[in-house]
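# Coordinate inspection notes
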Amino acid sequence: MLRFAPSPTGDMHIGNLRVALFNHILSKQLKEDLIIRIEDTDKERNIEGKDKEILEMLSLFNIEYKIAHYQSDNLKYHQKMAMQLLMQKKAFACFCSDERLEMQRENAKDSGKPYRYDSFCEKLTDDEVINNESGFTIRIKKPEHNIKCTDELRGEFDYNPFDVDSFIIMRKDKTPTYNFACAVDDMLYDISLVIRGEDHLSNTPKQKHIRESLGYTKEIKYLHLPIILNAQTGKKMSKRDNASSVKWLIEEGFLPIAIANYLVLLGSKTPKEIFTIEEAIEWFDIKNISTNAPKFDIDKLRFINKEHLKIIDEMRLSKILGFADEDIGKLAKIYLEEASTIKEIKTKLDAIFGTKHTSEDYVSEVEHIKKCAQNAPFFDSYDDFKNYISTQCGLKGKSLFMPLRFCLTGAWHGPNLSDIYPYIKNYLGEIIK
Ligand code: GLU
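Quantities reported herein were computed from a predicted structural model and do not represent experimental measurements. Residue indices follow the written sequence of each chain, beginning from 1 at its first position. Totals for whole chains, interfaces and linings use every residue, but because this is a predicted model, local features are given only for residues with pLDDT of at least 70 and side-chain atom pairs only at 80 or more, for both listing and counting. Calculated side-chain values reflect all of the structure's heavy atoms, with hydrogen atoms and water omitted.

Turning our eyes to something else, we now look at the pattern of salt bridges. A carboxyl oxygen of Asp or Glu within 4 Å of a side-chain nitrogen of Lys or Arg is what we treat as a salt bridge. Taken as a whole and assessed by the stated rule, the structure comprises 30 salt bridges. When the shortest N-O distance is used, the salt bridge between Glu39 and Arg37 registers 3.0 Å. A single burial state applies to Glu39 and to Arg37, both of which are buried. Here Asp190 and Lys218 are joined by a salt bridge, their closest N and O atoms 2.7 Å apart. Of this pair, Asp190 sits in the loop between α7 (178-188) and β9 (193-197) while Lys218 sits in the loop between α8 (204-213) and β10 (221-225), and the two are 28 residues apart along the sequence. Residue Asp190 is classed as partly exposed on the basis of its relative accessible area of 42%. Several salt bridges share partner residues, and in doing so they unite Arg3, Arg37, Glu39, Asp185 and Asp186 into one network. Throughout, exposure labels follow a simple rule: accessible area from a 1.4 Å probe, protein chains only, divided by the maximum for the residue type, with under 20% read as buried, over 50% as exposed, and the rest as partly exposed. For helices the rule is a DSSP run of H or I covering at least 4 residues; for strands it is a run of E covering at least 2, with both sets numbered from the N terminus onward.

Next up, the structure:
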């Protein structure tokens, strides 16, 4: 069983979508189910509605899963397991105040050492614990031996007990921390492979230690994907980078199929450049992903988007553009000379179907052609149409072609009118206005 575990704390990030896509591909390749776990235990960071948005995104990208569940529904199991660790003395109640912990953090910082909990409350006697009426967190005791973890891309890591530390597994309000809820849920749902972002690499030994303490011996495999960098700053694509939001990319007119193609291609070796996820399932080898952080390149995404637009079914393209006519799909494809996204094609179509006014160039010619074309019979061929307008208006050369182009497309430059005409000839009544 595989899982994708998004937090409903913001717009879906491209890094998260990449994690979801690889989970989907691997679940198909391994013929194991994929489940979705909405990690909603950090109430303060949750944003209402983001859970639904994430699920909608997954269906937009055709990511199939067996169930989607909310982590907070498992609270009773998290509490039970924490109790078990307390009873077995593998965890302890910690009464340390935030101020005390903050002071220790400051001291560690001042002396240039990494902060670790000083185990103060681990030494409390049962009597001292029972008679203490203040609220407490629960900390798991640090391991007695090194924790070895293998990352499928990077190999083995060895963490000593000091690095794992005696960390908090339950907050004062008796809700689980991320590491505890995650480790327990991966165990409860019999997860065999975890694919997630590299930012979670250091959580892996903690989660392994939690499960070992609970007596769970099944080995879970881990694969951490490198984070995606902003090409300009060389830093992680943050929320401030528009292109980090999948929603923004969709609104900008990138096709889900192209975004998915780009994210799978990014930083990995693939036998071809333009593909669908269904194709990738046939040949993709996750071991070919480089451990170097890839740079996000929007121009490359534009190129991939255009390639997918070239091969998309014309009727489908027309529907995406808000029409239901194959001819509009064909017209849109002609505009791929100039446009790379749905948004850019829409701008071209809006100019074609919008009201056309000019106050500078060819003002009288435009008005003349408009009147003439409005009263013209239907012409199947562009040459016949053009010749009719030329004769009726007495216009030739540039004085004919420039205003005629403007009347038909709302622009002064663009693809050949003879290429466009076959797809707009049935709409002239709407266009020439
Ligand atoms: N909820 C975590 C995140 O969105 C993922 C944790 C995990 O996959 O283990 O980064």
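A separate point is helix α2 (residues 50-60). Where α2 is concerned, the buried positions are Lys50, Asp51, Ile54, Leu55, Met57 and Leu58. Each buried residue of α2 lies within a common arc of 155 degrees when the element is viewed along its axis, so the set occupies one face. Along α2, the residues that are exposed and aim more than 90 degrees away from the buried face are Lys52 and Glu56. Contact criterion: two residues are considered in contact whenever any of their non-hydrogen atoms come within 4.5 Å of each other. Residues of α2 that are buried in the fold lie against β1 (2-4), α1 (14-30), β2 (34-38), β3 (68-70) and α9 (246-251). Following α2 by one or two positions, Asn62 has its phi on the positive side, about 55 degrees. Of all possible arcs, the one meant is that of the directions from the helix axis to the C-beta atoms.

Next up on the list: the sheet that holds strand β5 (residues 137-140). Paired strands, in this sense, are two strands between which DSSP finds at least two bridges. If you walk across this open sheet you meet the three strands as β4-β5-β8, and the pairing is antiparallel. What marks the edges here is a single partner per strand, and that holds for β4 (91-94) and β8 (168-170). The mean inter-strand angle of the sheet, taken between neighbouring strand axes irrespective of direction, is 45 degrees. Pairing between β5 and β8: two bridges, direction antiparallel. An axis is simply a line fitted to the C-alpha atoms; with a helix, the fit covers only the stretch in contact. Between two such axes, the angle follows the N-to-C directions and lies from 0 to 180 degrees.

Before going further, it helps to spend a moment on the site of the ligand. Consider each residue's heavy atoms; a residue with any of them within 4 Å of a molecule or strand counts as near. By nearness alone, every residue bordering the ligand is listed as Arg3, Ala5, Ser7, Asn16, Glu39, Tyr178, Cys182, Arg196 and His200. A distance of 2.8 Å is found between an oxygen atom of the ligand and a side-chain nitrogen or oxygen belonging to Arg196. Take His200: an N or O atom from its side chain is 2.9 Å from an oxygen atom of the ligand. For the ligand, the accessible surface in isolation is 300 Å², of which the surrounding protein chains cover 85%. Considering only residue class, the shell around the ligand consists of three nonpolar, three polar and three charged. Whenever a nitrogen or oxygen atom comes within 3.5 Å of another N or O atom, the pair is scored as a polar contact, on the condition that within protein one atom can donate a hydrogen and the other can accept it, and that pairs from neighbouring residues in sequence are kept only if both atoms are in side chains. To measure how exposed things are, a 1.4 Å probe is used in the Shrake-Rupley method; for residues, cover is taken only from the protein chains shown. Each residue gets one of three labels, nonpolar for Ala, Val, Leu, Ile, Met, Phe, Trp, Tyr, Cys and Pro, charged for Asp, Glu, Lys and Arg, and polar for the others, Gly among them.

Bridge analysis of strand β6 (residues 147-151) against strand β7 (residues 155-159) gives five bridges, and the strand direction is antiparallel. Each bridged residue has a counterpart across the sheet, and for Lys148 the counterpart in β7 is Asp158. Turn length for the β6-β7 hairpin, with the two strands adjacent in sequence and antiparallel, is three residues.

Let us look at unusual backbone geometry. Glycine aside, residues mostly have negative phi angles, and peptide bonds mostly take the trans form. With a phi close to 55 degrees, Lys31 is a non-glycine residue in the positive phi region. Mapped onto the elements of the fold, Lys31 is located in the loop between α1 and β2. Residue Asp190 is not a glycine yet carries a positive backbone phi of 55 degrees.

Our next topic: helix α12 (residues 298-311). Look at α12: 20 Å from first C-alpha to last across 14 residues, which is about the 20 Å you get at 1.5 Å a residue. Taken as a whole, α12 has its buried residues at Leu301, Ile304, Asn305, Lys306, Glu307, His308 and Leu309. For α12, the secondary structure elements touched by its buried residues are α9, α10 (256-265), β12 (295-296), α13 (314-320), α14 (326-334) and α15 (342-353). Here α12 starts with a cap whose side-chain oxygen sits 3.0 Å from the backbone nitrogen of Asp299, and that cap is Asp297. Multiplying 1.5 Å by the residue count of a helix minus one yields the expected span of that helix.

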